[in-house]
Amino acid sequence: MCNYHGTIRLLMQVLWAHLLCGWAFGSELTFELPDNAKQCFYEDITVGTKCTLEFQVVTGGHYDVDCRLEDADGTVLYKEMKKQYDSFTFTAAKNGTYKFCFSNEFSTFTHKTVYFDFQVGEDPPLFPNENRVTALTQMESACVSIHEALKSVIDYQTHFRLREGQGRSRAEDLNTRVAFWSIGEAFILLVVSISQVVLLRSFFSDRKTTTTRVGS
């Protein structure tokens with residue numbers, strides 16, 4: 001029974017540490033980017049910190065957007081034009097506020113839905129003495145494996161949510177086009193049918209003939 005309760009406590013510790021790591025070391029957001037608009041985000045980063053910026057356009061137009069990343073001094077670290085998705089990893093060379101922007105200024109009437117995940121730093125050790133010289137116990141190793149598996153599950157869930165959102169957007173757009181195409185075909189069919197009926201009636205209609213009598 002003691003081993004059972006100890007296992008439960010360790011699993012709860014893994015879940016709680018995983019949640020805390022997600023809150024403290026990552027910025028994840030999905031937002032609307034209107035046409036002719038630009039949206040910037042800021043993050044305070046210390047020197048030597050490893051960071052990863054990942055983004056993807058979920059809906060809108062050709063599913064592309066401009067992305068730009070600058071360090072604390074305004075030096076451009078990353079710049080791409082009309083990208084559907086991408087990932088960029090860098091190590092901060094300076095202390096300060098880093099800025100990354102998404103631009104839809106090249107689009108005149110189509111707004112976009114953009115998802116990004118900005119990871120700052122590495123996850124702290126699951127256990128305070130995880131980096132000790134001696135090996136981890138079997139239970140601690142199992143908890144670390146579960147922790148890594150949970151992070152992979154979250155990544156996969158995010159990936160499939162984005163694919164589901166993008167697929168739903170494409171399906172709705174296709175459904176709208178099919179509906180308008182069907183309405184157009186029905187209207188054309190109605191006009192052609194009426195035209196044929198009028199034309200056939202003109203062929204079989206009785207024409208009045210006029211007779212002129214010539215007097216002597």
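Residues numbered from 1 in each chain as written. Predicted model: local features only at pLDDT ≥ 70, side-chain atom pairs only at ≥ 80, totals over all residues. Heavy atoms only, no water.

Colleague: Lay out unusual backbone geometry with the relevant residues and their values.
Modeller: At Asn-36, a position not held by glycine, the phi torsion is positive, near 55°. What makes Asn-36 partly exposed here is its relative accessible area of 46%. A positive phi angle, close to 60°, is found at Tyr-63, a residue other than glycine. (Buried < 20%, exposed > 50% of the residue type's maximum accessible area, 1.4 Å probe, protein only.)

Colleague: Break down the side chain of Asp-64 for me, with residues and values.
Modeller: Within the element layout of this structure, Asp-64 appears in the loop between strand S3 (50-59) and strand S4 (65-70). Not counting residues within four places of it along the chain, the set of residues in contact with Asp-64 comprises Val-57, Lys-82, Lys-83, Gln-84, Phe-106 and Lys-112. (Helix = DSSP H or I, 4+ residues; strand = E, 2+ residues; numbered from the N terminus. Contact = heavy atoms within 4.5 Å.)

Colleague: Describe the packing of aromatic side chains, listing the residues and the values that go with them.
Modeller: To describe a pair of aromatic rings, you give the distance between the ring centres and the angle between the ring planes. Applying the stated criterion across every chain, the model contains 15 aromatic pairs. Taking 5.6 Å as the distance between ring centres and 65° as the angle between the ring planes, the aromatic pair formed by Phe-55 and Phe-102 counts as edge-to-face. Taken as a pair, Phe-55 in strand S3 and Phe-102 in strand S7 (residues 96-103) lie far apart in primary sequence, 47 residues in all. Here Phe-55 matches Phe-102 in class, with each residue buried. (Phe/Tyr/Trp six-rings, centres within 6.5 Å; stacked < 30°, edge-to-face > 60°.)

Colleague: Could you give an account of the sheet that holds S4, with specific residues and numbers?
Modeller: Pairing within the open sheet is antiparallel, and its four strands lie in the order S2-S7-S4-S5. This sheet does not close on itself; its edge strands, each paired only once, are strand S2 (38-45) and strand S5 (76-83). This sheet shows a mean twist of 10° between the axes of neighbouring strands, independent of strand direction. (Pairing = 2+ DSSP bridges. Axes fitted to C-alpha atoms, helices over the stretch in contact; angles between N-to-C directions.)

Colleague: Go over the state of the cysteines, please, and point to the residues and values.
Modeller: Counting across every chain of the model gives one disulfide. Shown here is the disulfide that connects Cys-40 with Cys-101, its sulfur atoms set 2.0 Å apart. As the torsion about the S-S bond is roughly 105°, the Cys-40-Cys-101 disulfide counts as right-handed. Residue Cys-40 is found in strand S2, and its partner Cys-101 is found in strand S7; the two are separated by 61 residues along the sequence. In this structure Cys-101 comes out as buried when scored by relative accessible area, which is 5%. Cys-101 provides the cysteine sulfur closest to Cys-67, a residue in no disulfide bond, and the two sulfurs are 8.3 Å apart. Residue classification places Cys-67 among the buried positions, given a relative accessible area of 2%. (Disulfide = S-S within 2.5 Å.)

Colleague: Before we move on, could you go through the confidence of the model for the protein chain and cite the residues and values that matter?
Modeller: Per-residue confidence for the protein chain gives a mean pLDDT of 79, with 77% of residues at or over 70. Note on residues 1-24: pLDDT is under 50 here. Beyond four places in sequence and across chains, it has 21 contacts. (pLDDT = per-residue confidence, 0-100.)

Colleague: Which residues make up the pattern of salt bridges, and what values go with them?
Modeller: Opposite charge on two side chains allows them to pair when their charged atoms are near. Going through the model one piece at a time under the given rule, you end up with seven salt bridges. Its salt-bridge partner being Arg-168, residue Glu-164 comes within 2.6 Å of it at the nearest N-O pair. In this pair, Glu-164 and Arg-168 are both assigned in helix H2 (residues 138-204), four residues apart and thus about one turn of the helix distant. (Salt bridge = Lys/Arg side-chain N within 4 Å of Asp/Glu carboxyl O.)

Colleague: Explain the UniProt feature "transmembrane region" (unreviewed entry) in the protein chain residue by residue, including any values.
Modeller: When the UniProt feature table is mapped onto this chain numbering, "transmembrane region" (unreviewed entry) sits at residues 178-200. End C-alpha atoms of residues 178-200 are separated by 33 Å, and the span's content is 100% helix alongside 0% strand. (UniProt positions renumbered as here; feature names shortened; annotations may be inferred.)

Colleague: How would you summarise the layout of surface pockets if you had to cite specific residues and measurements?
Modeller: Looking at the second largest pocket, its volume works out to about 200 Å³. Lining the second largest pocket we find Thr-59, Gly-60, Gly-61, Tyr-63, Ser-169, Arg-170, Asp-173 and Arg-177. Among the elements that make up the lining of the second largest pocket, the one with the highest residue count is H2 (four residues). Of the residues that constitute the lining of the second largest pocket, the class distribution is one nonpolar, four polar and three charged. (1 Å grid on protein atoms, 1.4 Å probe; cavity = no way out; pocket = protein on both sides within 12 Å on 5 of 7 lines; lining within 4 Å. Points joined across faces, edges and corners; volume = space filled by probe spheres on them. Nonpolar A, V, L, I, M, F, W, Y, C, P; charged D, E, K, R; others polar.)

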